[in-house]
Amino acid sequence: MLLKNFTQSTREDYYRFVVKFLEFTGKDAMSMTYGDIRKFIFHLQDDEHKKASTINVYTAAIRFFFEYTLGYVWDSKKIPKMKRDRKLPVILTKEQVNMLIDSMDNYKHKAITATMYSSGLRVSEVCHLRYEDISRTKKMIHVSLSKNRQDRYTILSDHNLDILTEYWFAYERPTGWLFPKQYDASKPIDTFFISRHMRAHEDELGWEHRITCHSFRHAFGTHLYENGTDLLT
């Protein structure tokens, strides 16, 4: 995985998924069969109620293990990728987004949420922002090696910059990771912490659980389009 330059999160996921598969079968790795894999996949689907997209990641991890570690030839016809349901995303209105952000008392949570929305960032991209990625003069945010392993720039609104500034002064002016872990500033905040907070804040507002961190990225693009930005941009 290192030779293929997989990200750390991918390496950790693949390792964890393969270990879970091996523990489920209880067999020696070299004696695994396609039947064992199919049994495991049906277990994920029927017993653990995993989504097709999640099961496909498990399958990719097992395939990597079979091909690169064990040196087997993989037959995708025997273990096909699952078809995924594609549902329309939840699109928050501008009023809903403003209400949600304005109602946050915690500066850190507020700054993270405002940045996901105002700059259209994925939650993992917000977690890995560094202090030097924020350009106050150019009103830009540098996104380093995002999901597609590409650098890019995105916009930084005046309002979001004000929120980030309030957070920065309130949280001892971090100069490494912009949003470090609470008890270990050498590491960035975990994505699951932000997702957990989002769920808790929905409860505080009395909203049903229907939004995710990615909902703000959808809202960012939709609201830009509604404001007259052309679709290609």
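See the structure shown above.
Throughout what follows, the structure given in this document is the object of discussion. (Residues numbered from 1 in each chain as written. Predicted model: local features only at pLDDT ≥ 70, side-chain atom pairs only at ≥ 80, totals over all residues. Heavy atoms only, no water.)

1. Re the layout of surface pockets
1) Next: The computed volume of the second largest pocket comes to approximately 450 Å³.
2) Next: Together, 19 residues line the second largest pocket, and K108, P180, K181, Q182 and Y183 are the ones closest to its centre.
3) Next: Counting residues per element, the ones that place at least two in the lining of the second largest pocket are α5 (107–119) and α8 (191–205).
4) Next: Of the residues forming the lining of the second largest pocket, the biggest block, 3 residues, is contributed by α8. (1 Å grid on protein atoms, 1.4 Å probe; cavity = no way out; pocket = protein on both sides within 12 Å on 5 of 7 lines; lining within 4 Å. Points joined across faces, edges and corners; volume = space filled by probe spheres on them. Helix = DSSP H or I, 4+ residues; strand = E, 2+ residues; numbered from the N terminus.)

2. Some words on the pattern of salt bridges
1) Next: Using the criterion set out here, one finds 10 salt bridges in the structure.
2) Next: A salt bridge links E67 to R63, with the shortest nitrogen-to-oxygen separation between them at 3.5 Å. Here E67 and its partner R63 are both found in helix α3 (residues 52–69), 4 residues apart, which amounts to about one turn of the helix.
3) Next: By relative accessible area, R63 is classed as partly exposed at 33%.
4) Next: Members of the salt-bridge network, linked through shared partners, are K20, E48 and K50. (Salt bridge = Lys/Arg side-chain N within 4 Å of Asp/Glu carboxyl O. Buried < 20%, exposed > 50% of the residue type's maximum accessible area, 1.4 Å probe, protein only.)

3. Section: unusual backbone geometry
1) Next: Phi at H49 takes a positive value of approximately 55°, unusual for a residue other than glycine.
2) Next: Here H49 shows up in the loop between α2 (34–46) and α3.
3) Next: Backbone geometry places R173, a non-glycine residue, at a positive phi of 50°.
4) Next: By the secondary structure assignment, R173 is in the loop between α7 (158–170) and α8.

4. Topic: the packing of aromatic side chains
1) Next: Under the counting rule described, the total for this entry stands at 16 aromatic pairs.
2) Next: Here the aromatic rings of F66 and W74 are separated by 6.0 Å at their centres, their planes lie at 85°, and the arrangement is edge-to-face. The residues F66 and W74 share a single accessibility class, namely buried.
3) Next: Centre to centre, the rings of Y167 and F179 are 5.0 Å apart; their planes meet at 35°, and the pair counts as tilted. Taken together, the positions of Y167 in helix α7 and F179 in the loop between α7 and α8 put the pair 12 residues apart, joining distant regions of the chain. (Phe/Tyr/Trp six-rings, centres within 6.5 Å; stacked < 30°, edge-to-face > 60°.)

5. A word on the environment of F169
1) Next: Take F169: it is sitting in helix α7.
2) Next: Here F169 falls in the partly exposed class, since its relative accessible area comes to 48%.
3) Next: For the pair F169 and H223, spaced 54 residues apart in the sequence, the C-alpha separation amounts to 30 Å.

6. What about the packing of α5 against helix α9 (residues 215–226)?
1) Next: Where α5 contacts α9, the two axes come as close as 7 Å, and the packing angle between them is 40°. Relative to α9, the element α5 lies oblique. Crossing handedness for the pair α5 and α9: right-handed. Touching T113, M116, Y117, S118 and S119 of α5 are F216, R217, A219, F220 and H223, all from α9.
2) Next: For the contact of α5 with α9, the class distribution of residues is 5 nonpolar, 4 polar and 1 charged. (Axes fitted to C-alpha atoms, helices over the stretch in contact; angles between N-to-C directions. Parallel < 35°, antiparallel > 145°, perpendicular 65-115°, else oblique. Left-handed = near helix turned anticlockwise from the far one by under 90°. Contact = heavy atoms within 4.5 Å. Nonpolar A, V, L, I, M, F, W, Y, C, P; charged D, E, K, R; others polar.)

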